[in-house]
Amino acid sequence: GITRHYKFDIKLQNVTRLCHTKSIVTVNGEFPGPRIVAREGDRLVIKVVNHVQNNITIHWHGIRQIRSGWADGPAYIAQCPIQTGQTYVYNFTVVGQRGTLWWHAHISWLRSTLYGPMVILPKRGVPYPFPQPYKEVPLIFGEWWNADTEAVINQATKTGGGPNVSDAYTINGLPGLLYNCSAKDTFRLSVKPGKTYLLRLINAALNDDLFFSIANHTLTTVDVDAVYVKPFETETIIITPGQTTNVLLKTKPNYPGATFLMMARPYATGSGTFDNSTVAGMLEYQHPKPSTSIKNLPLFKPTLPALNDTSFVANFTNKLRSLANVKYPANVPRNVDKHFFFTVGLGTNPCPKNHTCQGPTNTTMFAAAINNVSFIMPTKALLQSHFSRQSNGVFTTNLPTSPLIPFNYTGTPPNNTNVIDGTKVVSIPFNTSVELVMQGTSILGAESHPLHLHGFNFFVVGQGFGNFDSKKDPAKYNLVDPVERNTVGVPAGGWVAIRFHADNPGVWFMHCHLEVHTSWGLKMAWVVEDGKLPNQKLPPPPADYPKC
Ligand code: C2O
């Protein structure tokens, strides 16, 4: 591979959407941010210079960061933030991955405007395991707030209530013609008839799983989270925040001048408020000689599943399978060294005295937890504390590995919904083969939680509805061709089982990729100890590693 250099100047930029102008934090003044392109095996050296008042970190979502955890990015987990006027160079190699990933800010809610695609091409001369596309196009879904998102989350944290929802969804930063004032801010994809396009879909929205569909066209899913899958055709895809999906779009042989809408809107099961609006973009067939006669062609609209269509989601995710062939084997852990069972869901914290709260009741604040522990962000970077053996006062390795008091997770919630606060992590030896069952809870409503693991891909060996049954469910696991990915939706009212080899030493964040749930504490970290051999150890941090 080669080394590719990028420079990210973090600076403010005035941007107008929905007839509302605001100053947002950007990379190089671009919104969405610049596209990073690399090939498998390349080294990326990205110099980030912070010219704004906010503390900044950037995360390369889905990059495995093998023995380069110093470049992973989550604030106070992998690094201290890059402060105003400071610079940090993220330096890492793309090992064994090709497909679509993305980058985003990983501190507070700054990823609402700081995000962009990462296109990882196969090694030179290596073809895709599907028809070579005529053209490749990243489509990155986001959310637009007229308000300042830092103010939105700060206000919610203060009152203990839910944050305000966004004003629009976007495709490549554009809300599209269905919103006020936005006809000119519509994403348009101009296509030739009879060609194959590779759409690289990324869900960078803060708080919503999205359905996506293009009128009168079928999509062929070929890759998720930068891992190839067995191709299958679908009208609609479901994509959670954090996930990426590559689809092939075959254009029709003869539709000169026709326009088809593509639309995305949320999948939501919770009882909370959410933005149920729709972003639309246009698929426009080129016309050999544009004339006025084509102006009145109808605009074809796709039909999306209902907002709460959980069975569509389950069907879609069941179809995702690894290639699991000689060229692209699925190295699913067969024997498990350690089993973990995590409940993931909401909960409460008591409202502080002499304080008015707008939580689930006026004496409580919203919280979210794993095994009833709501994660408190440390004030020093966990990775550095771990590396220098100074965990004292920073974190403890006593996160329960199963619920302390089991209950009917998908039935009536317990009377006491309060959580325990702490910076609790799980520590495991190098090369542990891990099975983790994540069980959604119905506390304050059953919701799908997109859990994202840093530093690894995992195999989704099983999923189901209701309570996980440790006697019966493992017998149904798929250990042959399960999908391999970095972010999985724990089904609303159900569970998911994943497996991975802990072959990457360091400290790896795992959290719900719904930003509101992360803020409420649905997060934890895995400490993976060094192995014995030199190439199984985390090297020391780079010289410019930021200080807290
Ligand atoms: Cu895409 Cu920890 O994040």
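What counts as what
Residues numbered from 1 in each chain as written. Predicted model: local features only at pLDDT ≥ 70, side-chain atom pairs only at ≥ 80, totals over all residues. Pairing = 2+ DSSP bridges. Helix = DSSP H or I, 4+ residues; strand = E, 2+ residues; numbered from the N terminus. Axes fitted to C-alpha atoms, helices over the stretch in contact; angles between N-to-C directions. Domains from an automatic or database assignment. Contact = placed C-beta atoms within 7 Å. Nonpolar A, V, L, I, M, F, W, Y, C, P; charged D, E, K, R; others polar. Buried ≥ 20, exposed ≤ 12 C-beta atoms within 10 Å, placed from the backbone. Arc of directions from axis to C-beta. UniProt positions renumbered as here; feature names shortened; annotations may be inferred.

**Student:** Please set out the sheet that holds strand β15 (residues 227-234) residue by residue, giving values where relevant.
**Tutor:** The strand order across the open sheet built from 6 strands is β10-β9-β12-β17-β14-β15, with neighbouring strands paired in mixed fashion. Two strands lie at the open edges of the sheet, namely β10 (168-171) and β15, each paired on one side alone. Sheet twist, expressed as the average angle between the axes of neighbouring strands with direction ignored, equals 25 degrees. In this sheet, strand β12 (residues 196-203) lies alongside strand β9 (residues 135-144) in parallel orientation, the contact comprising 7 bridges. Residue pairing across strands places Leu139 opposite Leu201, the latter belonging to β12.

**Student:** Describe the sheet that holds strand β1 (residues 3-17), with residues and values.
**Tutor:** Strand order across the open sheet formed by 4 strands is β2-β1-β4-β6, with mixed pairing between neighbours. The two strands at the open ends of the sheet, each matched to only one other strand, are β2 (20-27) and β6 (87-93). Within the sheet, the average angular offset between the axes of one strand and its neighbour, ignoring direction, is 25 degrees. Note: β1 against β2, 8 bridges, orientation antiparallel. Of the residues in β2, the one forming a bridge with Val15 is Lys22.

**Student:** Would you mind going over the domain arrangement of the chain in detail, with residue names and values included?
**Tutor:** Here the chain is partitioned into domain 1 (1-125), domain 2 (130-322) and domain 3 (338-536). A separation of 29 Å is found between the C-alpha centroids of domain 2 and domain 3. If you look at the interface, domain 2 gives 28 residues, while domain 3 gives 29 residues. Of all the secondary-structure elements, those providing two or more residues to the side of domain 2 that touches domain 3 are α1 (149-159), β15 and α2 (310-319). Of the residues assigned to the side of domain 2 that touches domain 3, the class counts are 10 nonpolar, 15 polar and 3 charged.

**Student:** Would you mind going over α1 in detail, with residue names and values included?
**Tutor:** Buried within α1 are the following residues: Thr149, Ile153 and Ala156. Viewed end-on, α1 has its buried residues packed into an arc of 60 degrees, placing them on one side of the element. Tucked into the core, α1 has its buried residues touching α4 (515-520). Directly after α1, the chain includes Gly160, whose backbone phi takes a positive value near 75 degrees.

**Student:** So what about the pairing of β12? Which residues, and what values?
**Tutor:** Of all 8 residues making up β12, 6 are buried, and the element is well covered by its neighbours. As judged from the 7 bridges shared by β12 and strand β17 (residues 244-250), these two strands associate in the antiparallel manner. Within β17, the residue paired with Thr196 across the bridge is Lys250.

**Student:** Just give me the short version of the environment of Thr149, but keep the residues and values in it.
**Tutor:** Residue placement: Thr149 occurs in helix α1. Considered as a pair, Thr149 and Ser166 are 17 residues apart in the sequence and their alpha carbons are 8.9 Å apart. Leave out the neighbours within four places in its chain, and Thr149 touches Trp109 and Ser112.

**Student:** A description of the environment of Phe407 should follow, citing residues and the corresponding values.
**Tutor:** In this fold, Phe407 is placed in the loop between α3 (382-387) and β24 (420-422). Phe407 sits in the partly exposed class, given 15 other C-beta atoms within 10 Å. Separated by 60 residues in the primary sequence, Phe407 and Asn467 place their C-alpha atoms 9.7 Å from one another.

**Student:** Which residues make up unusual backbone geometry, and what values go with them?
**Tutor:** Of the consecutive residues Phe31 and Pro32, the connecting peptide bond is found in the cis state with omega at -10 degrees. Looking at the secondary structure, you find Pro32 in the loop between β2 and β3 (36-39). Even without being a glycine, Ala324 presents a positive backbone phi close to 50 degrees. With respect to the helices and strands, the residue Ala324 is situated in the loop between α2 and β21 (338-350).

**Student:** Summarise the pairing of β21; cite the residues concerned and give the values.
**Tutor:** Direction of pairing for β21 relative to strand β26 (residues 432-440): parallel, over a ladder of 7 bridges. The residue of β26 that forms the bridge with Phe341 is Val437.

**Student:** An account of the UniProt feature "domain: Plastocyanin-like" (unreviewed entry) in the chain is needed here, citing residue identities and associated values.
**Tutor:** Mapped onto the present numbering, the UniProt feature "domain: Plastocyanin-like" (unreviewed entry) falls at residues 11-123, 136-287 and 405-531. Taken end to end, residues 11-123 comprises 0% helix and 46% strand; its first and last C-alpha atoms sit 34 Å apart. Note that residues 405-531 is 5% helix and 44% strand, and that its end C-alpha atoms are spaced 34 Å apart.

**Student:** Outline the environment of Thr100, listing residues and values.
**Tutor:** The topology assignment puts Thr100 in strand β7 (residues 99-105). C-alpha of Thr100 to C-alpha of Leu199: the two residues are 99 residues apart in sequence and 9.7 Å apart in space. In this structure Thr100 touches Pro117, Val119, Pro138, Arg200, Ile202, Ala226, Thr244 and Asn246, once residues within four positions along its chain are discounted.

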